[in-house]
Protein chains: 2
Amino acid sequence: MPLPQTEMPGRLQAYCAERGIRMTQQRRAILGVMETASKHLDAAQLLRKAQKLDASVDRSTVYRTLRLLKRQGLIDELDLMHIHGEGHYYERKLNRDHIHMACLRCGKIMEFVSDIFEKLKSQVEKDCRFRIVVSRLEIGGYCAHCSK
Amino acid sequence: MPLPQTEMPGRLQAYCAERGIRMTQQRRAILGVMETASKHLDAAQLLRKAQKLDASVDRSTVYRTLRLLKRQGLIDELDLMHIHGEGHYYERKLNRDHIHMACLRCGKIMEFVSDIFEKLKSQVEKDCRFRIVVSRLEIGGYCAHCSK
DNA sequence: ATCTCAACTGCAACCAGTTGCGACACGGGG
DNA sequence: CCCCGTGTCGCAACTGGTTGCAGTTGAGAT
Ligand SMILES: [Mn+2]
Ligand SMILES: [Mn+2]
Ligand SMILES: [Zn+2]
Ligand SMILES: [Zn+2]
């Protein structure tokens, strides 16, 4: 049961419209899933959820849409230390960059916002004269519970 | 032409010996390549170079050895913003962690060592009570030359 | 030096992600 | 409202990374 097209287009759809990106039935399904996902979906999960909204969605369309959203800077791609297999995870890019920590024992994923991270990025921009578009800090280790 | 086994075993082989890891003909070839690589090899390059030392080396052995070295903390795995395709890059882990920057236009890869990065990791360990084993900061953007 | 056996390997089948192609549908203009 | 052009889609073939298996080999013990 697809969302009514006229209501709640969601931010991602709005951003795409602003940028003149063509909106298709399949993209609506995929964006809808990304929009409402609690967190960190991999491509297979995204495909399954999108197919519940539009059964015709194909694997290749999911990957193509992920590439599009990545290029547009609307989502981030994560490894999460490849805790489960080899694939990547995706999440909506929010206002503030955050760090990801993955516990190598229990698999828990934690997020952390830090001013020092912002300072580090400024240092890179200044000292290396490098204009940052996207940044990813991922840490593997042991969470408070598992390091006891 | 394999290196003479008795000379210059290389640090990676030494580390493996210390840890009681069995040394095979194929691993010697692969470690030899990692040891002497200038930088950032992907799995296909590594396979080709290793096969020049030992033609019997198989794709699956390369991946299995990479997994071993990763688990042992002897190499780091990088995305380098997937500048070329989807795969991963590998490099010997050295004394000091460094940041990777990839230019989205010319593809140049830069490295940077920063005390602020070290401070950020300390903050994570303290504030999140998270024991860090491995960390990866990768940045995409435009290098000094390309951002003009 | 030889024996022994768990660890390792190549192989082939498998699975996840990519790509070329002809069909289709979004959405701007008439 | 319908037409049209082009961007997107599903499909199927392909590529790169993984895995189960049966044979091989490294290295410690005798
Ligand atoms: Mn990755
Ligand atoms: Mn490096
Ligand atoms: Zn944990
Ligand atoms: Zn550049």
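Our subject in this report is the structure included herewith. As the structure is a computational prediction, the values presented were derived from the model and not from experiment.

Rules and cut-offs
- Residues numbered from 1 in each chain as written.
- Chains lettered and ligands numbered in written order.
- Predicted model: local features only at pLDDT ≥ 70, side-chain atom pairs only at ≥ 80, totals over all residues.
- Heavy atoms only, no water.
- Helix = DSSP H or I, 4+ residues; strand = E, 2+ residues; numbered from the N terminus.
- Contact = heavy atoms within 4.5 Å.
- Buried < 20%, exposed > 50% of the residue type's maximum accessible area, 1.4 Å probe, protein only.
- Pairing = 2+ DSSP bridges.
- Near = heavy atom within 4 Å.
- Polar contact = N/O pair within 3.5 Å; in protein donor to acceptor, adjacent residues only side chain to side chain.
- Nonpolar A, V, L, I, M, F, W, Y, C, P; charged D, E, K, R; others polar.
- Axes fitted to C-alpha atoms, helices over the stretch in contact; angles between N-to-C directions.

Among the structural elements, Asp 79 of chain B can be located in the loop between strand 2 (75-78) and strand 3 (89-92). In contact with Asp 79 of chain B, other than residues within four places in its own chain, are Asp 79, His 88 and Arg 136 of chain A together with Gly 87, His 88, Tyr 89, Arg 136 and Glu 138 of chain B.

Moving on to the pairing of strand 6 (residues 131-142) of chain B. Buried residues dominate strand 6 of chain B, accounting for 9 of its 12 residues. Bridge count for strand 6 (residues 131-142) of chain A against strand 6 of chain B is 11 bridges, and the pairing is antiparallel. Directly across from Arg 131 of chain A, in strand 6 of chain B, lies its bridge partner Tyr 142 of chain B. Bridge analysis of strand 4 (residues 99-103) of chain B against strand 6 of chain B gives 4 bridges, and the strand direction is parallel. Its bridge partner being in strand 6 of chain B, Met 101 of chain B is matched across the sheet by Ile 139 of chain B.

Our next topic: the protein's contact with DNA strand C. Surveying the vicinity of DNA strand C reveals 18 residues, the closest of which are Met 23, Arg 59 and Tyr 63 of chain A together with Ser 56 and Thr 61 of chain B. By atom count, sugar and phosphate contribute 65% of the portion of DNA strand C lying within 4 Å of the protein. Within the side chain of Arg 59 of chain A, an N or O atom sits 2.5 Å from a base nitrogen of DNA strand C. At 3.1 Å from a phosphate oxygen of DNA strand C is found a side-chain nitrogen or oxygen belonging to Thr 24 of chain B. Only helix 4 (59-71) of chain A together with helix 2 (25-36) and helix 4 (59-71) of chain B provide two or more residues apiece to the surface near DNA strand C. A total of 4 residues in the surface near DNA strand C trace back to one element, the largest contributor, which is helix 4 of chain A. Residues that form the surface near DNA strand C fall into these classes: 3 nonpolar, 7 polar and 8 charged.

Another point: the protein's contact with DNA strand D. Around DNA strand D, the surrounding shell holds 18 residues, and the nearest of these are Ser 56 and Thr 61 of chain A together with Met 23, Arg 59 and Tyr 63 of chain B. Atoms of DNA strand D within 4 Å of the protein belong to the sugar or the phosphate in 66% of instances, the rest to bases. One of the side-chain N or O atoms of Arg 64 of chain A is found 2.9 Å from a base nitrogen in DNA strand D. With 4 residues, the top contributor of residues to the surface near DNA strand D is helix 4 of chain B. Residues that form the surface near DNA strand D fall into these classes: 3 nonpolar, 7 polar and 8 charged.

All names here are of chain B. Here we have 3 strands laid out as an open sheet, ordered 1-3-2, and antiparallel in their pairing. A strand with exactly one partner marks an edge of an open sheet, and here the two such strands are strand 1 (41-42) and strand 2. In terms of strand pairing, strand 1 meets strand 3 through 2 bridges, oriented antiparallel. Pairing of Asp 42 across the sheet is with Tyr 89, part of strand 3. The strands that helix 2 touches are strand 1, strand 2 and strand 3; relative to strand 3, the one it contacts most, it runs at about 80 degrees.

Everything listed here is a matter of coordinates, which is why it stays silent on function.
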